[in-house]
Amino acid sequence: MTFHIGAKDGEIADTVLLPGDPYRARWAAENFLKDAVLVNEVRGMLGFTGTWKGNRVTIQGSGMGMPSLSIYVNELIKDYGARTLIRIGSCGAMQEDVAVRDVIIAMSATSISTPSDTIFRELKFAPTADYGLLEAAVGAAAKVGVGVHVGGIYSSDTFYDERPDLTSEMTRHGILGVEMEAAELYILAARYKRRALAVLTVSDHLITGDALPSDQREKSFGDMIEIALESAFA
Ligand code: HPA
């Protein structure tokens, strides 16, 4: 048990999938895991442990934004020994050739700030995915039959951003999409020598204004979860 996770020792698997939304953690556990058991409900941030193709997996909500994710990932790594951490989440597209429903595999995560800034001080650290997981995810996407975009994303501290000039610069520099958690996940994985990746489904488009209707979200999110699980155990 930790400050924010009620699971007992041994109830968290080595492999943890991290959706931001605790209800999505429940949906993913119900639809993808066998014998899923609720292992955390502190603050309603649901976590489940079960098996996928015989492999133990935990699906734990991380909340919205890097400060929230940092709490869960610190405790999952330091108190429960999690070794492979894969964010499954949504993002906003920042390129014309990325469409709503597409899947993005985040090779790197640019940011303006992260909870680790106090450690890095003047250093501009480049948060990067685990290469083995990234390569496995690209292979898994082909197996699942889903086209993916692989490249840099932006981890923002704001959903309601008021700097359109920054969005344009990121589009100009090839950033595929924006979300709010991956950079700190990659930094913590680097610090504690764990494997991390973010697999994201495009839920909205910053250039075209398109958005995924809520009734179509589940199928698209399902593809992303399958890619994440396949890559964790490739
Ligand atoms: N901005 C930030 N985070 C997001 C977005 C967005 O447009 N869409 C999904 N997560």
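Keep in mind that this is a model prediction, so the values were computed, not measured.

Conventions used here
- Residues numbered from 1 in each chain as written.
- Predicted model: local features only at pLDDT ≥ 70, side-chain atom pairs only at ≥ 80, totals over all residues.
- Heavy atoms only, no water.
- Salt bridge = Lys/Arg side-chain N within 4 Å of Asp/Glu carboxyl O.
- Buried < 20%, exposed > 50% of the residue type's maximum accessible area, 1.4 Å probe, protein only.
- Helix = DSSP H or I, 4+ residues; strand = E, 2+ residues; numbered from the N terminus.
- Near = heavy atom within 4 Å.
- Polar contact = N/O pair within 3.5 Å; in protein donor to acceptor, adjacent residues only side chain to side chain.
- Areas by Shrake-Rupley, 256 points an atom, 1.4 Å probe, with all protein chains shown as cover.
- Core = buried A, V, L, I, M, F, W, Y, C linked by side-chain atoms within 4.5 Å.
- Contact = heavy atoms within 4.5 Å.
- Axes fitted to C-alpha atoms, helices over the stretch in contact; angles between N-to-C directions.
- Parallel < 35°, antiparallel > 145°, perpendicular 65-115°, else oblique.
- Left-handed = near helix turned anticlockwise from the far one by under 90°.
- Phe/Tyr/Trp six-rings, centres within 6.5 Å; stacked < 30°, edge-to-face > 60°.
- Lys NZ or Arg CZ within 6 Å of the ring centre and 35° of its normal.

Counting across every chain of the model gives 7 salt bridges. Of the charged contacts in the structure, one is a salt bridge between E11 and K8, with a shortest N-O distance of 3.9 Å. Residue classification places K8 among the exposed positions, given a relative accessible area of 56%. The salt bridge partner of K53 is E230, with a shortest N-O separation of 3.0 Å. In this pair, K53 sits in the loop between β3 (47–52) and β4 (55–60) while E230 sits in helix α7 (residues 217–232), placing the two residues 177 residues apart along the sequence.

A few words on the site of the ligand. Around the ligand sit S90, C91, G92, F159, V178, E179, M180, S203, D204 and L206, and that is every residue in its neighbourhood. Contacts to the ligand include D204, whose side-chain N or O atom sits 2.7 Å from a nitrogen atom. Relative to its unbound accessible area of 260 Å², the ligand is 90% covered by the protein chains. Taken together, the elements giving at least two residues each to the shell around the ligand come down to β5 (84–93), β8 (177–179) and β9 (195–205). The element contributing the most residues to the shell around the ligand is β5, with 3 residues.

Another aspect to go through is the nonpolar core. Ranked by size, the top nonpolar core spans 68 residues in total, and within it L17, Y186 and L197 carry the most contacts. Here this core gets 7 residues from one element, more than from any other, and that element is α7. Apart from the residues within four sequence positions on either side, Y186 is in contact with A106, M107, S108, A109, P127, T128, A129, A196, L197 and A198. Residues Y154, M170, I175 and V178 belong to the second largest nonpolar core, which totals 5 residues.

Our next topic: the environment of T58. Along the chain, the position of T58 falls in strand β4. The spatial distance from the C-alpha of T58 to the C-alpha of L200 is 18 Å, given a sequence separation of 142 residues. Beyond its immediate stretch of four places on either side in the chain, T58 contacts E11, I12, A13, T15, V16, L17, F48 and T49. A distance of 2.8 Å separates the side chain of T58 from the backbone nitrogen of A13, its partner in a polar contact.

On to the side chain of E179, then. Mapped onto the secondary structure, E179 falls in strand β8. A polar side-chain atom of E179 sits 2.6 Å from a polar atom in the side chain of S155.

In this section: helix α6 (residues 182–191). The buried fraction of α6 amounts to 8 of the 10 residues, a majority that puts the element mostly inside the structure. All of the buried residues in α6 are A182, A183, E184, L185, Y186, I187, L188 and A189. Looking one or two residues past α6, K193 carries a phi angle of roughly 55°, positive in sign.

This brings us to the side chain of S68. Tracing the backbone through its elements, the reader meets S68 in helix α2 (residues 66–78). Since its relative accessible area comes to 18%, S68 is described here as buried. Within the structure, S68 has its side chain in polar contact with the backbone oxygen of S62 (distance 2.7 Å). Those residues in contact with S68, other than ones at most four positions away along the chain, are S62 and G63.

This paragraph deals with the packing of helix α4 (residues 131–144) against α7. Relative orientation of the contacting elements α4 and α7 amounts to 130°, with a least axis distance of 8 Å. In terms of axis orientation, α4 runs oblique to α7. Like other packed secondary-structure pairs, α4 and α7 cross with a definite hand, here right-handed. Contacts between α4 and α7 involve L133, A136, A137, A140, A141, K143 and V144 from the first element and D223, E226, I227, E230, S231 and A232 from the second.

A separate point is the packing of aromatic side chains. When we look at a pair of aromatic rings, we describe it by the centre distance and by the angle of the planes. Taken as a whole, this structure holds 4 aromatic pairs when the rule is applied. Ring centres 6.1 Å apart and planes at 65° place the aromatic pair W27 and F32 in the edge-to-face group. A single burial state applies to W27 and to F32, both of which are buried. Residues W52 and F233 carry aromatic rings whose centres are separated by 5.9 Å and whose planes lie at 25° to one another, so their mutual orientation is stacked. With W52 in strand β3 and F233 in the segment after α7, the pair connects residues that are 181 residues apart, well separated along the chain. Taking the relative accessible area as the measure of exposure, W52 reaches 9% and is therefore buried. Since its relative accessible area comes to 28%, F233 is described here as partly exposed. One residue, R24, lies across the ring of F221, its end atom 3.9 Å from the ring centre.

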